[in-house]
Amino acid sequence: MILIKLGGSIITNKEKPLTPNRNSIRKIASSLKNVKEPLVIVHGGGSFGHYWSVKYDMHTKPQRHKAKGVSLVKNSMVELNSIVLKSFVESGLNPYCLPPSDFMIGNKPLTLKVKEIPKIAKTGLIPISYGDAMWFGKNKFYILSGDKIIGILSKLLRPRLVVFVTNVDGVYTDMKSKRLLNEITGEKPVTSEVSMDVTGGMSRKIKEAFSISKTGIDVFFVNGNFPKRITNAINGKSFEGTIFRG
Ligand code: IP8
């Protein structure tokens, strides 16, 4: 089984609130048609979920929040998820909507539910989950990042490999020289990034990728503007991007 994170940066236009990047979603979906292994996908919030999370000051820490904010964040993610689902159907794939509340309670995964996900993927359906505004309990809500979901699913399901798809070529040494790190084996790279994402952007991804790779799973970072790089990484061909060697 292969786990793919479609970052908000590639499936939405982060400069324009509530604007999907339909072209990228379609191109990625059609290239995934060539993957013969079961797939599980998680997508991020981009200019949908993050737009409202920033407006209503919602973060990953469970807190009391305005009902309006929770509602708008959640609805925007459902909307983005349906755009992704529709595009996958139009590309001849069989997506299966999987809200994180289906397999989480509070901020903990429901292991028995999570273990059913690969079984769904093996039937030819593609479970598609997403970062969301989640009920925590005790009148509190929190923002669950898609990257965090990737970490949870990797730990419990041990996919063959994980791919983070973003709108940049991979992990850079720094944003100034933009030198691409091809392979990361030892120390976690330090990034200096100012993020507009309430969940932490690239730093959060690197943190998750690093700890997944520490459990022996290869984690790739590729640019979704070139969907062939996704399939090349999956098929063990040479690809442009970054690998956190498992
Ligand atoms: O873009 C967060 O998911 P991410 C989604 O994967 C929301 O961090 C609701 C902001």
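(A) Fine view of the overall build of the protein. Across its full length, the protein carries nine helices and 14 strands. The C-alpha radius of gyration computed for the protein amounts to 17 Å, which stays within 12% of the reference 18 Å derived for 246 residues, consistent with globular compactness. Among the 246 residues that make up the protein, the fraction classed as buried is 53%. Contacts spanning at least 24 positions in sequence make up 74% of the contacts within the protein whose residues lie at least 6 apart. Total accessible area on the protein is roughly 11,600 Å²; 53% of this is exposed by carbon and sulfur atoms. Across the protein, 38 positive and 18 negative side-chain charges occur, with their mean positions spaced 4 Å apart.

(B) Local environment of the site of the ligand. Close to the ligand lie 16 residues, the nearest being Lys5, Gly45, His50, Gly146 and Thr199. Between the ligand and His50 there is a distance of 2.8 Å, counted from an oxygen atom to a side-chain nitrogen or oxygen. Considering the ligand on its own, with 320 Å² of exposed area, one finds that the protein chains cover 99% of that surface. The element best represented in the shell around the ligand is helix 3 (residues 46-55), accounting for three residues. When grouped by side-chain class, the residues that make up the shell around the ligand number four nonpolar, nine polar and three charged.

(C) Summary view of helix 4 (residues 67-90). With 24 residues, helix 4 should cover 34 Å at 1.5 Å per step; its first-to-last C-alpha distance of 35 Å lies within 8% of that length. Taken together, the buried positions of helix 4 are Gly69, Val70, Val73, Ser76, Met77, Leu80, Asn81, Ile83, Val84, Leu85, Ser87 and Phe88. After helix 4 finishes, the residue Gly92 shows a positive phi value of roughly 85°.

(D) Highlighting a positive patch on the surface. A cluster of basic side chains, namely Lys61, Arg64, Lys138 and Lys140, defines a positive patch on the protein surface. Looking at the element boundaries, Lys140 is found in strand 8 (residues 140-144). Here Lys140 falls in the partly exposed class, since its relative accessible area comes to 31%.

(E) Examining the environment of Ser31 more closely. Considering the arrangement of structural elements, one finds Ser31 in helix 2 (residues 22-32). Note on Ser31: relative accessible area 12%, which makes it buried. Spatially, the C-alpha atoms of Ser31 and Asp218 are 21 Å apart, while their sequence positions differ by 187 residues. Setting aside chain neighbours within four positions, we find Ser31 in contact with Pro227 and Thr231.

(F) Representation of unusual backbone geometry. Located in the positive-phi region is Leu18, a residue other than glycine, with phi close to 55°. Within the fold, Leu18 resides in the loop between helix 1 (8-11) and helix 2.

(G) Representation of the side chain of Ser145 within the structure. For Ser145, the location among the structural elements is in the loop between strand 8 and helix 7 (146-157). Relative accessible area serves as the criterion here: at 5%, Ser145 is assigned to the buried category. Reaching out from Ser145, the side chain makes a polar contact with the backbone nitrogen of Asp147 at a distance of 3.0 Å. Sequence-distant contacts of Ser145, that is, excluding residues within four places in its chain, are made with Gly131, Thr199 and Arg204.

The rules behind each value
Residues numbered from 1 in each chain as written. Predicted model: local features only at pLDDT ≥ 70, side-chain atom pairs only at ≥ 80, totals over all residues. Heavy atoms only, no water. Helix = DSSP H or I, 4+ residues; strand = E, 2+ residues; numbered from the N terminus. Rg over C-alpha atoms; globule rule 2.2 N^0.38 Å. Buried < 20%, exposed > 50% of the residue type's maximum accessible area, 1.4 Å probe, protein only. Contact = heavy atoms within 4.5 Å. Areas by Shrake-Rupley, 256 points an atom, 1.4 Å probe, with all protein chains shown as cover. Lys, Arg positive; Asp, Glu negative; His and termini not counted. Charge placed at Lys NZ, Arg CZ, Asp CG, Glu CD. Near = heavy atom within 4 Å. Polar contact = N/O pair within 3.5 Å; in protein donor to acceptor, adjacent residues only side chain to side chain. Nonpolar A, V, L, I, M, F, W, Y, C, P; charged D, E, K, R; others polar. Expected span 1.5 Å × (residues − 1). Patch = residues over 30% accessible without salt bridge, like charges linked within 9 Å, V, L, I, M, F, W, Y side chains within 5 Å. Salt bridge = Lys/Arg side-chain N within 4 Å of Asp/Glu carboxyl O.

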